[in-house]
Amino acid sequence: MAENKRPWWTSVFLQLLVAVVAGVLVGHLWPALGAQLKPVGDGFIRLIKMIIAPLIFCVVVTGIATVGDVKAVGRIGLKAIVYFEVVTTFALLFGLVVANVFRPGAGLDINPATLDPHAVAAQTKGGQLPSIGDFLLHTIPDSVVNAFAQNQLLQVLVFAVFFGVALAAIGRERAPLVLGFVDQVQQVIFKVMGWIMRVAPLGAFGAMAFIIGQYGLSTLGTYAKLIAACYGAAVLFTLVLAAISRFYAGVSVWKFLRYAREEFLLALGTASTESVMPRIMAKLTDAGCSRAATGLVVPTGYSFNLDGATIYLSICTVFLAQAFGVEMTLGQQLLAVLILMLTSKGMAGVPGSSFLALSATAAAIGAFPVAGVALLLGADRLMDSMRVFVNLLGNCVATFVVAKSEGQLDRDKLRETLEGATPVAA
């Protein structure tokens, strides 16, 4: 009805769009000021992180308890992991194909003697990627309180699964107070999320002003072919995801993007998928995915399903070899894929993780000097938008696929939501 129609200037999407454009202009025209606005963007992301752990716990527990089928929970988790592994491996191979066809590093002829061997170490702050064993062991919390306090999302997810399965095994009828309490806490968290989202444009403005002010638009010219290759690959891979979503899950990616446009724009503006995790989980649930599927797939995907990051890593591996005049053999490229398959799983939350993964790959295949990874220092942040968009969309498609496979995708709700494209109430 007319009285419920909100003024156009209250649109969060429009506010975010204006904020991102303003951030670019401020960062370009007054780079010193833009670089100083980093705390504004960081502050917003910290507000979001404040509610992520308790939200994941509540969504997963209530979702599992609602389903009430312990075996179904196991199937959802297994299907999600298998899907993630297949799609990320395809993304790595896809990136190699793009790099070999487009050849973004050809003709650069970089002299290794001109490289600073300490530049990458400064970016990564001396960190290292965990081994597969350490990564898997780290998913088990040594203390539940510590997992929440340090915002270790996979650890929170593991505890939530145990808690939810135990609650389902006991039965909702025998523990109504526990389930009711968790559900009410979830409602409170969503209310807090609505308040935080009111300052989302400010966070996007600060983050974008910092990125442009710190790294500058001039970098676009220096790394034009690499940037074009990565963003072109992202567009093509989006079409692949759209095909998977349409032909298997029966979901139009384009309608979903229209429906979740505010979340995707915010993720692009802040260069962070974590900034929209609570909202995107709400929208997936509102679009017909069960709370169990959403609660299990999305948080797991943040560590296991980094499609955009894996495309970037495979393209950059070939780019660096080409920049030094080295033609990688098929064997070296396949070895690089195997290494990146392992190292990419432990990337989430590690400072400079892409540089660490590429350094490990360079050391293993020997096609180019490890110090050559420093060539990407200027372009890495400009790739954030590509990585964030593909990572986020990949996790959304994964949720639809897993929910469909388990019969936990409400078609009527999906159709009503996407056709109307009605945002989740803040």
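In this text the structure is predicted, and so the values were computed from the model without any measurement.

## Describing the overall build of the protein
Check the secondary structure of the protein and you find 21 helices and 0 strands. Here the protein, with 426 residues, has 52% of them falling under the buried criterion. Across the protein, the fraction of contacts at a sequence separation of at least 24, relative to all contacts at a separation of at least 6, is 85%. Only carbon and sulfur atoms are counted for the fraction: they give 66% of the accessible area of the protein, which is about 18,600 Å².

## A few points about the environment of Pro299
Relative to the elements of secondary structure, Pro299 occurs in helix α16 (residues 291–304). As a C-alpha pair, Pro299 and Asn395 span 96 residues in sequence and 8.9 Å in three-dimensional space. Those residues in contact with Pro299 that sit more than four places away from it in its chain are Ile56, Leu154, Leu157, Met277, Met281 and Thr294.

## What to know about the packing of aromatic side chains
All told, the structure shown has 12 aromatic pairs when counted by the stated rule. Judged by centre distance (5.3 Å) and plane angle (90°), the ring pair of Phe256 and Phe400 falls under edge-to-face. One end of the pair, Phe256, is in helix α13 (residues 253–259); the other, Phe400, is in helix α20 (residues 384–405), and 144 residues separate them in sequence. Overall, the relative accessible area of 2% leaves Phe400 in the buried class. Taken together, Phe256, Tyr259, Phe264, Phe389 and Phe400 form an aromatic cluster joined through their ring pairs. Here Lys38 stacks its cationic end above the ring of Phe210, 5.6 Å away from the centre of that ring. One residue, Arg387, lies across the ring of Tyr312, its end atom 4.4 Å from the ring centre.

## Things to note about empty space enclosed by the protein
Tallying each qualifying case throughout the model produces 2 cavities of 30 Å³ or more. In terms of lining residues, the largest cavity is bounded by Asn100, Arg103, Val318, Ala321, Gln322, Val326, Glu327, Met328 and Gln333. Empty space within the second largest cavity amounts to approximately 30 Å³. Lining the second largest cavity, in full, are Ser245, Val251, Ser252, Val253, Phe256, Leu393, Cys396, Val397 and Phe400. Taken together, the elements giving at least two residues each to the lining of the second largest cavity come down to α13 and α20. With 4 residues, the top contributor of residues to the lining of the second largest cavity is α20. Here the residues of the lining of the second largest cavity sort into 7 nonpolar, 2 polar and no charged.

## Side note on helix α17 (residues 307–323)
With 17 residues, α17 should cover 24 Å at 1.5 Å per step; its first-to-last C-alpha distance of 24 Å lies within 8% of that length. Here α17 lies mainly inside the structure; 17 of its 17 residues are buried. Where α17 ends, the next residue or the one after it, Gly325, has phi of about 75°, a positive value.

## Things to note about the nonpolar core
With 126 residues, the main nonpolar core has Leu226, Phe256, Phe264, Ile280, Ile315, Leu376 and Phe400 as its most contacted residues. Dropping the residues within four chain positions of it, Phe400 is found in contact with Ala249, Val251, Phe256, Leu284, Ala287, Cys289, Leu409 and Leu414.

## Observations regarding the packing of helix α4 (residues 70–102) against α16
At their nearest, the axes of α4 and α16 sit 10 Å apart, and the two run at 35° to each other. Judged by the sense of rotation from one axis to the other, the crossing of α4 with α16 is right-handed. Contacts between α4 and α16 pair Val73, Ile76, Ala80, Ile81, Phe84 and Thr88 from the former with Ala292, Ala293, Leu296, Val297, Thr300, Gly301 and Phe304 from the latter. In terms of residue class, the contact of α4 with α16 is built from 10 nonpolar, 3 polar and no charged.

## Describing the side chain of Thr88
When you line up the elements, Thr88 lands in helix α4. From its side chain, Thr88 meets the backbone oxygen of Phe84 in a polar contact 2.7 Å long.

## A short note on helix α15 (residues 277–286)
Taking burial as the measure, the 10 residues of α15 include 9 buried ones, the bulk of the element. Taken together, the buried positions of α15 are Met277, Pro278, Arg279, Ile280, Met281, Ala282, Lys283, Leu284 and Thr285.

## What to know about unusual backbone geometry
Of note, the phi angle at Arg103 is positive, near 50°, even though the residue is not glycine. Along the chain, Arg103 falls in the loop between α4 and α5 (119–124). For Arg103, a relative accessible area of 28% puts it in the partly exposed group.

## Digging into the environment of His28
Considering the arrangement of structural elements, one finds His28 in helix α1 (residues 12–29). With a relative accessible area of 46%, His28 lands in the partly exposed category. Linking His28 and Phe210, residues 182 residues apart in sequence, is a C-alpha distance of 9.7 Å.

What counts, and at which threshold
Residues numbered from 1 in each chain as written. Predicted model: local features only at pLDDT ≥ 70, side-chain atom pairs only at ≥ 80, totals over all residues. Heavy atoms only, no water. Helix = DSSP H or I, 4+ residues; strand = E, 2+ residues; numbered from the N terminus. Buried < 20%, exposed > 50% of the residue type's maximum accessible area, 1.4 Å probe, protein only. Contact = heavy atoms within 4.5 Å. Areas by Shrake-Rupley, 256 points an atom, 1.4 Å probe, with all protein chains shown as cover. Phe/Tyr/Trp six-rings, centres within 6.5 Å; stacked < 30°, edge-to-face > 60°. Lys NZ or Arg CZ within 6 Å of the ring centre and 35° of its normal. 1 Å grid on protein atoms, 1.4 Å probe; cavity = no way out; pocket = protein on both sides within 12 Å on 5 of 7 lines; lining within 4 Å. Points joined across faces, edges and corners; volume = space filled by probe spheres on them. Nonpolar A, V, L, I, M, F, W, Y, C, P; charged D, E, K, R; others polar. Expected span 1.5 Å × (residues − 1). Core = buried A, V, L, I, M, F, W, Y, C linked by side-chain atoms within 4.5 Å. Axes fitted to C-alpha atoms, helices over the stretch in contact; angles between N-to-C directions. Left-handed = near helix turned anticlockwise from the far one by under 90°. Polar contact = N/O pair within 3.5 Å; in protein donor to acceptor, adjacent residues only side chain to side chain.

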